[in-house]
Amino acid sequence: MKSGVDGTIVAAFGRQYEVELADGARLLCFTRAKKSSYACGDRVQVSATAPDQGVIERLLDRSSLLYREDAFKLKLIAANVTQVAIVVATEPSFSPELITRCLCAAEDQEVKTLIILNKADLTGGLDAARALLTPFAALGYEVIETCAKDTVEILRSRLAGETSLLVGQSGMGKSTLTNALIPEADATTATISTALDSGRHTTTFSRLYRLPGGGTLIDSPGLQMFGLAQLTQTSLAWSFREFRPFLGQCRFRDCRHEAEPGCALQSALSEKTISPLRFAQYQLLRDELARAHQARVGH
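Residues numbered from 1 in each chain as written. Predicted model: local features only at pLDDT ≥ 70, side-chain atom pairs only at ≥ 80, totals over all residues. Heavy atoms only, no water.

A. The pairing of strand E4 (residues 43-50), seen in detail. In this structure, strand E1 (residues 5-13) lies alongside E4, joined through four bridges in antiparallel fashion. When the sheet's bridge partners are listed, Val 5 is paired in E4 with Val 46. The sheet contact formed by E4 and strand E5 (residues 53-59) spans six bridges and is antiparallel. The partner of Gln 45 across the bridge, within E5, is Arg 58. Counted along the chain from E4 to the antiparallel partner E5, the turn is two residues long. (Pairing = 2+ DSSP bridges. Helix = DSSP H or I, 4+ residues; strand = E, 2+ residues; numbered from the N terminus.)

Here's what the structure looks like:
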């Protein structure tokens, strides 16, 4: 194989990467540098060092990069995705705040979003789950209900032609959905720990799968937190899509949207154009970003 052959990272674990070449061959590749900054879905140029091994020579241009970051650590999730599919379930319970964080990261990268309510056949928690998702649907985010046993086709139609990242808390059924969509994937699944009301981590690294009929799916490890320290205060406000008509309309350019006179967001809040719950989530994230920035400056 000639050096500088293009490929796609289909699995990322540590400083090792599985790279798929155009002819379908796969190489286990390493990086030349000690620090690695590649993600599942990245397009790269590689050189073979053995029949089934290689080294990554160069990163090709990205169209998007999804990652999470706090004050001290950055974790790449996936690159070149066109859609983020956030998976929640009727059980175990899920966090609307985590959904908001995932949506902010997707909005910042200007990629499409989809919210999947999985395990819809477990009707005991269905109404409560629907109620938690109603505010997101009201903002125009598409919410679909699935059950890996018999209603996965509705999801397949939404994934066709896209490079979709499955993201969500542990135990929501991402790997089970992946297996239903791609039976040969053999993604590891596990039972729910009802005592802890949380799922066991079953996917330990992101992996890319080719969907039958077209499209690409990236299954990612379960999340409990999703830091957004990569955002600025300006990009955070923009990532709340309902805020956008009011941004730049405040009396003061450096408005923090608290008690300043002439704040357009506060006016929209009082007129109930903006949800108090969403505004509270924005304030929480805004303050978190400020603390992360201060921590970085301190170090």
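B. Spatial organisation of the packing of helix H1 (residues 96-108) against helix H2 (residues 126-138). At their nearest, the axes of H1 and H2 sit 11 Å apart, and the two run at 30° to each other. One element, H1, and the other, H2, form an angle in the roughly parallel class. Considering how the two elements wind past one another, H1 and H2 form a crossing that is right-handed. Of the residues in H2, those in contact with Pro 96, Ile 99, Thr 100 and Leu 103 of H1 are Leu 132, Leu 133 and Phe 136. Looking at the contact of H1 with H2, its residues break down into six nonpolar, one polar and no charged. (Axes fitted to C-alpha atoms, helices over the stretch in contact; angles between N-to-C directions. Parallel < 35°, antiparallel > 145°, perpendicular 65-115°, else oblique. Left-handed = near helix turned anticlockwise from the far one by under 90°. Contact = heavy atoms within 4.5 Å. Nonpolar A, V, L, I, M, F, W, Y, C, P; charged D, E, K, R; others polar.)

C. Geometry of the packing of aromatic side chains. For the coordinates displayed, the defined rule picks out seven aromatic pairs. Consider the rings of Phe 240 and Tyr 282, whose centres lie 5.7 Å apart with planes at 80°: the pair is edge-to-face. Here the residue Phe 240 occupies a position in the loop between helix H5 (233-239) and helix H6 (264-270), and Tyr 282 occupies one in helix H7 (residues 276-298), the gap between them amounting to 42 residues. Tyr 282 shares its class with Phe 240; the two are buried. Over the ring of Tyr 141 we find Arg 241; its NZ or CZ atom is 3.8 Å from the centre of that ring. Over the ring of Trp 238 we find Arg 244; its NZ or CZ atom is 3.7 Å from the centre of that ring. (Phe/Tyr/Trp six-rings, centres within 6.5 Å; stacked < 30°, edge-to-face > 60°. Buried < 20%, exposed > 50% of the residue type's maximum accessible area, 1.4 Å probe, protein only. Lys NZ or Arg CZ within 6 Å of the ring centre and 35° of its normal.)

D. View of the pairing of strand E2 (residues 16-21). Across the six residues that make up E2, a large majority, five, are buried. Here six bridges tie E1 to E2, and the two strands are oriented antiparallel to one another. Across the sheet, residue Phe 13 finds its bridge partner in E2, namely Gln 16. With antiparallel pairing between neighbouring strands as the criterion, E1 and E2 make up a hairpin whose turn holds two residues, including Gly 14 at a positive phi of roughly 65°. Pairing analysis gives five bridges linking E2 to strand E3 (residues 26-31), with the strands arranged antiparallel.

E. Region of the structure containing the nonpolar core. In this structure, Ile 99 and Ile 116 are the most contacted members of the largest nonpolar core, which totals 68 residues. Top element by residues in this core is H1. It accounts for seven residues. In this structure, Ala 12, Val 19, Leu 21 and Cys 29 belong to the second largest nonpolar core, which totals eleven residues. (Core = buried A, V, L, I, M, F, W, Y, C linked by side-chain atoms within 4.5 Å.)

F. View of the pattern of salt bridges. The full count for this structure, using the stated rule, is 19 salt bridges. Here Asp 287 and Arg 286 are joined by a salt bridge, their closest N and O atoms 3.1 Å apart. Taking relative accessible area as the criterion, Asp 287 reaches 29% and is therefore assigned partly exposed. A residue is classified by how much of its surface remains accessible, and Arg 286, at 2% relative accessible area, is buried. Beyond isolated ion pairs, a larger network of salt bridges with shared partners links Glu 18, Glu 20, Arg 26, Arg 207 and Arg 210. (Salt bridge = Lys/Arg side-chain N within 4 Å of Asp/Glu carboxyl O.)

G. Highlighting the confidence of the model for the protein chain. Residue-level pLDDT values for the protein chain average 89, and 92% of them are 70 or greater. Within the model, pLDDT remains below 50 along residues 198-203, and this stretch shows 22 contacts once partners closer than five positions in the same chain are excluded. (pLDDT = per-residue confidence, 0-100.)

H. Inspection of the state of the cysteines at higher detail. For the coordinates displayed, the defined rule picks out zero disulfides. Its sulfur unpaired, Cys 255 is 3.8 Å from the next cysteine sulfur, which belongs to Cys 263. Exposure remark for Cys 255: the relative accessible area of 11% places this residue in the buried category. (Disulfide = S-S within 2.5 Å.)

I. Examining H2 more closely. Its 13 residues place the ends of H2 18 Å apart at the C-alpha level, agreeing with the 18 Å of an ideal helix rising 1.5 Å per residue. The principal kink in H2, of about 35°, is found at Leu 132, preceding the proline Pro 135 by one to four residues. Within the span of H2, buried status applies to Leu 126, Ala 129, Leu 133 and Phe 136. Where H2 ends, the next residue or the one after it, Gly 140, has phi of about 100°, a positive value. (Expected span 1.5 Å × (residues − 1). Bend = angle between axes of the 7 residues up to and from the residue.)

J. Broad picture of H1. For H1, which comprises 13 residues, the first-to-last C-alpha distance of 18 Å matches the rise-based estimate of 18 Å (1.5 Å per residue) to within 8%. With respect to burial, H1 is a largely interior element, ten of its 13 residues being buried. If you check which residues of H1 are buried, you get Leu 98, Ile 99, Thr 100, Arg 101, Cys 102, Leu 103, Cys 104, Ala 105, Ala 106 and Glu 107. Once H1 finishes, Glu 110 follows within two positions and takes phi at roughly 55°, a positive value.

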